[in-house]
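One-letter residues, chain by chain:
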Amino acid sequence: MIRFGLCCIFKGEPIRFRRKTAASLKGLPRSRQLELLAEICRANAESLLSALAYCHERGIGDFRINSQILPLATHPEVGYQLRDLPGGDEIITAFKSCGELRRRHGLRTTFHPDQFVLLNSPSAEVTRHSLAELGYQAEVAELVGADVINIHGGGGYGDKPAALKRLVKRIKRLPQAVYRRLSLENDDRIYTPGELLPVCVETGVPLAYDVHHHRCLPDGLSVEEVSERARATWLEAGREPCFHLSSPRQGWTGPNPRLHHDYIQVEDFPAYWLACWLACRLGHQERITVEIEAKHKELAVLRLMAELAGRE
DNA sequence: AGCGGTCAAGTTGAT
DNA sequence: ATCAACTTGACCGCT
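So, how was this worked out
- Residues numbered from 1 in each chain as written.
- Chains lettered and ligands numbered in written order.
- Predicted model: local features only at pLDDT ≥ 70, side-chain atom pairs only at ≥ 80, totals over all residues.
- Heavy atoms only, no water.
- Salt bridge = Lys/Arg side-chain N within 4 Å of Asp/Glu carboxyl O.
- Helix = DSSP H or I, 4+ residues; strand = E, 2+ residues; numbered from the N terminus.
- Buried < 20%, exposed > 50% of the residue type's maximum accessible area, 1.4 Å probe, protein only.
- Near = heavy atom within 4 Å.
- Polar contact = N/O pair within 3.5 Å; in protein donor to acceptor, adjacent residues only side chain to side chain.
- Nonpolar A, V, L, I, M, F, W, Y, C, P; charged D, E, K, R; others polar.
- Phe/Tyr/Trp six-rings, centres within 6.5 Å; stacked < 30°, edge-to-face > 60°.
- Lys NZ or Arg CZ within 6 Å of the ring centre and 35° of its normal.
- Core = buried A, V, L, I, M, F, W, Y, C linked by side-chain atoms within 4.5 Å.
- Contact = heavy atoms within 4.5 Å.

Participant: How do you make sense of the pattern of salt bridges when you look at a structure like this?
Facilitator: Oppositely charged side chains can pair when the atoms bearing their charge come close. One pass over the full model with this rule turns up 19 salt bridges. Taking the shortest distance from any N to any O, the salt bridge between R3 and E240 comes out at 2.8 Å. Residue R3 is found in strand 1 (residues 2-7), and its partner E240 is found in the loop between helix 9 (223-236) and strand 7 (242-245); the two are separated by 237 residues along the sequence. Taken individually, R3 and E240 each receive the classification buried, so the pair is uniform in this respect. Notably, a salt bridge pairs K26 with E77, separated by 3.9 Å at the nearest N-O pair. Of this pair, K26 sits in helix 1 (residues 22-26) while E77 sits in the loop between strand 2 (62-65) and helix 3 (88-104), placing them 51 residues apart in sequence. Here E77 falls in the exposed class, since its relative accessible area comes to 54%. Where salt bridges share partners, they join R3, R108, D147 and E240 into one cluster.

Participant: What exactly am I supposed to notice about the protein's contact with DNA strand B here?
Facilitator: Taken together, the neighbourhood of DNA strand B is formed by 18 residues, with A22, F116, G156, Y157 and R189 sitting nearest. Backbone atoms, meaning sugar plus phosphate, form 43% of the atoms of DNA strand B positioned within 4 Å of the protein. Contacts to DNA strand B include S121, whose side-chain N or O atom sits 3.2 Å from a phosphate oxygen. Contact distances for DNA strand B include 2.7 Å between a phosphate oxygen and a backbone N or O atom of Y157. Looking at the surface near DNA strand B, its residues break down into eight nonpolar, eight polar and two charged.

Participant: Hey, could you run me through the protein's contact with DNA strand C in this one?
Facilitator: Around DNA strand C, 14 residues are found, and the nearest of them are R16, R19, K20, S24 and D114. What you see for DNA strand C is that sugar and phosphate hold 66% of its atoms within 4 Å of the protein. Here a phosphate oxygen of DNA strand C sits 2.8 Å away from a polar atom, N or O, in the main chain of R19. When its residues are assigned to classes, the surface near DNA strand C shows three nonpolar, three polar and eight charged.

Participant: I'm lost on the packing of aromatic side chains in this one. Help?
Facilitator: Each aromatic ring pair is described using two quantities: the centre-to-centre distance and the angle formed by the ring planes. Evaluated as defined, the whole model comprises eight aromatic pairs. Here F269 and W273 contribute two aromatic rings whose centre-to-centre distance is 5.6 Å and whose plane-to-plane angle is 85°, an arrangement assigned as edge-to-face. Looking at W273, the relative accessible area reads 0%, which means it is buried. A connected cluster of aromatic rings, assembled from ring pairs, spans F4, Y209, F243, F269 and W273. Positioned above the aromatic ring of Y263, the side-chain terminus of R303 is 3.6 Å from the ring centre.

Participant: Before we go on, may I ask you to explain the nonpolar core in this structure?
Facilitator: As a rule of thumb, nonpolar side chains are buried together in soluble globular proteins. Residues L48, F63, I69, L70, F95 and W273 are the most contacted members of the largest nonpolar core, which totals 91 residues. Ranked by residues supplied to this core, first place goes to helix 2 (residues 30-58) with ten residues. In this structure, F95 is in contact with C41, A45, L48, I69, L70, L82, L143 and V144, ignoring residues within four places of it in sequence.

Participant: What's the story with the side chain of E291 in this structure? I'm lost.
Facilitator: Inspection of the secondary structure puts E291 in strand 8 (residues 288-292). Among the polar contacts made by the side chain of E291, one reaches the side chain of T110 at a distance of 2.8 Å. Those residues within four positions of E291 in sequence are excluded, and the remaining contacts are G5, C7, D62, R64, T110, C242, F243, H244 and L245.

Just distances and angles here, no functional claims.
Structure, rendered in structure tokens:
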């Protein structure tokens, strides 16, 4: 069975996540900063509960949680811990309630730290920040029961083999709370599935296979082969596979196929995934998550689900 | 009240 | 040398 995933936000539904800018907090006394941040965290916990309830109602089995759910948590000047916020205990309880709803409905939740989180940077400073950010996301993941923290391979730094060695070394030293949730995703500019799979095998961290990125940055491996090898990395770790799908905004022959379309063109959905999972050829037990990266968000997920259901 | 420029962070490659 | 792209709007200071 395929579990479809919605990424971070909504297009049509009035469910919104709030944010805060560091600049707007800088001049304020610490206590006022914490008050404002607490209000946003509280509101975001509420929105997350609504998001999960919506997903459950509509048969969307997976929700990717925005990294900014606790805005500025690891910011060097205005950063904070949940328990330091006024009403912090209530906020923690609210996130735990999200976790209960998630578990009750069998939903999956994931995190995707953004581009600043780099485990292979030659800079100690960048690495330190990245580890702090991963630690923070693992804490929230713990509260809501999220089982994936997915990052890219990182930069190439002019020497990809050396960069991948650093990646392996740093992965092996990660705290358990991060490590057991981590996955690596092939990107559309630097690291292909073929380059990341050996890292995955060596570290036990699975490959979050993004087929759109693979089509933008091919490596000679077929979609079928990468799907199988990526699937194996997840099963080896005792985890449910998580793949990504999007369609190019202006088509595959347009000026920049990397840009995401509003919706998924159903022909971009790999036939192999359909054959294996939608048709349950591998058995009814096995599930795989396909997170849909499309600008129209839940509308795109629902449309794709309807179109694929019509094809069975 | 509404507008539009800006938002913590890194890296790359197109222009 | 600058800038958009990355998951993508939301926020905030100005009028």
